[in-house]
Amino acid sequence: MSVPQRGSVAGTAPWWARPDLHYREGRLHFAGHDVAALAGESDGPLFLYSLARVEANLDRVIAALAETGCASTVYYAMKANRFAPLLERLSGSGKCGVDICSPGELDQALACGFAPGQISFTGTGVTPRDLERLLVHPELTINCDTMGMIRRIGERTPGREIGIRVNPGRGTGYGDAEKLTYAGGRTTKFGIYCEQWGEALALARQYGLTIASLHFHVGCGYLTDQLETWNLAVAEAFRFLDEAPQVRTVNVGGGLGLPHRPGDSPLDLERWAAILRRHFAGRDLRIAVEPGDYIAKDAGMLVLPVTDVERKRDTRFVFVGGGFNLHPEPAFYDLPCEPAPCLLRGDGAASAERVTVAGNINEALDIWAADTLLPPVEEGDFIAFLNAGGYGSAMSSNHCMRGTFTERAL
Ligand SMILES: Cc1ncc(COP(=O)(O)O)c(C=O)c1O
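Numbering of residues starts from 1 in every chain and runs along the sequence as written. For a predicted model such as this one, the threshold for reporting local features is a pLDDT of at least 70, and the threshold for listing and counting side-chain atom pairs is 80 or more; totals across whole chains, interfaces and linings nevertheless cover every residue.

Visitor: Would you take a moment to explain helix α7 (residues 197-206) for this structure?
Guide: An α-helix turns once per 3.6 residues; consequently, residues spaced three or four apart project the same way. Exposed residues have 12 or fewer other C-beta atoms within 10 Å of their own C-beta, buried residues have 20 or more, and partly exposed residues fall in between, where C-beta atoms are placed from the backbone. Numbering of helices and strands runs from the N terminus, with a helix taken as a DSSP run of H or I at least four residues long and a strand as a DSSP run of E at least two residues long. What α7 keeps buried is the set Ala-200, Leu-203 and Ala-204. Along the axis of α7, the buried positions cluster into a sector of 100°, meaning they face one direction only. Opposite its buried face, α7 presents the exposed residues Gly-198, Glu-199, Ala-202, Arg-205 and Gln-206, each directed more than 90 degrees away. Contact between residues is assigned whenever the C-beta positions, reconstructed from backbone atoms, fall within 7 Å. Close packing links the buried residues of α7 with α6 (147-156), β9 (161-165) and β10 (210-215). Each direction from the helix axis to a C-beta atom contributes to the arc, which is the arc of those directions.

Here you go:
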């Protein structure tokens, strides 16, 4: 994938502009609101989420699944964003279930209106205490990630239906990045590999467990360029079905990506659905999919105040009042995070300068964007960090005791 310069080109709309996110008279507007005005009303870091965008993203996935001709279920992966109003909007829509990975997420899903039968659990490092909390709900789908988990469920609830997460040994992620690939050449902690499949089936049989679903999630952020590899991963995963005739649902995981850089095109959902149609054709199987980022990420932004703009040696720094701890994913996974000034000064993009945008955490990696083109900003302005709706607040920490923020649904 090419990595073009970041920042917008003079005289054109920024690459990320869309009807609900754009500059109007030099001011950034999101979901019909003036972002700087909202930030001015708030004290400290502010996450803004467009619930309409969340639902529109979900609708796009549902429409693509309809093209497969198969029965399907979307489970929103709430690890991406568990803000209650967002979850309530989704549960209230009645259009999706929810994917969870911990008992805490189970409590939040139930509190936000999802019924146990609409919830699918896939997690690792599941303790006996975790299992006790999950197994209270017989309607919950539980996908086992280890042999031990199959055995522990068998011991506690023999005869139950379970799912098994498999690792097809192939995967992909944004820009083919290894860090974002959960199943591939490198052995990962996720899922049961084909070498242990026979043993897993025998263990399930021993306890009378019915393997009702097969699950795989092979990476995060894949775009159209990665679809061919994703197709191969799906094909590998389907080989597990040969010996598991009881399976009624195949959960193909999440990982559907969205553009992060100017050269990225949106994921071609038609091609994605065509891959599913091909694999599921002629089989009496329900498709389940559990996207997180695709639903939440571009529906949110993090807005931070500019504290200082000054040169240090050869670098012009823009400091902001919030650090990577509020939205750690870009630093952890080397993902870009687009800074957009909330107010365009001067000629806007035409007078963009090369700057490094730095946060307020005492860590050398606390850099939002290095050597990027940014329209001029001044102390007291606000910068919106785009695509912060997924794995932002949900992954945030209180490092340096700077973990406080406000979240607002628009
Ligand atoms: C099992 C599982 N399902 C779904 C997701 C959601 O992934 P994404 O947000 O990339 O769609 C993840 C993310 O790590 C995951 O581990």
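Visitor: Where do I start with the site of the ligand in this structure?
Guide: Near the ligand, the surroundings consist of 17 residues, among which Ala-77, Cys-220, Gly-254, Gly-292 and Asp-293 are the closest. Note on residue classes: Ala, Val, Leu, Ile, Met, Phe, Trp, Tyr, Cys and Pro are nonpolar, Asp, Glu, Lys and Arg are charged, and everything else, Gly too, is polar. For the shell around the ligand, the per-class residue count stands at six nonpolar, seven polar and four charged. Only the C-beta atom matters for this test: placed from the backbone, it must lie within 6 Å of a molecule or strand for the residue to be near it.

Visitor: Is there a simple way to explain the domain arrangement of the chain in this structure?
Guide: By convention here, the domain bounds are inherited from an automatic or database domain assignment. Domains assigned within the chain are domain 1 (21-50 + 298-409) and domain 2 (51-296). Between domain 1 and domain 2, the C-alpha centre-to-centre distance is 32 Å. Contact with domain 1, which involves 18 residues of that partner, is made by 21 residues of domain 2.

Visitor: Please explain the sheet that holds strand β3 (residues 33-34) as it appears in this structure.
Guide: The strand order across the open sheet formed by three strands is β1-β2-β3, and the pairing between neighbours is antiparallel. With partners counted over all chains shown, the strands left at the sheet margins are β1 (21-24) and β3, one partner each. In the sheet, strand β2 (residues 27-30) pairs with β3 via two bridges, with the strands oriented antiparallel. Its bridge partner lying in β3, Phe-30 is registered against His-33. Note on pairing: two strands pair once DSSP finds at least 2 bridges between them.

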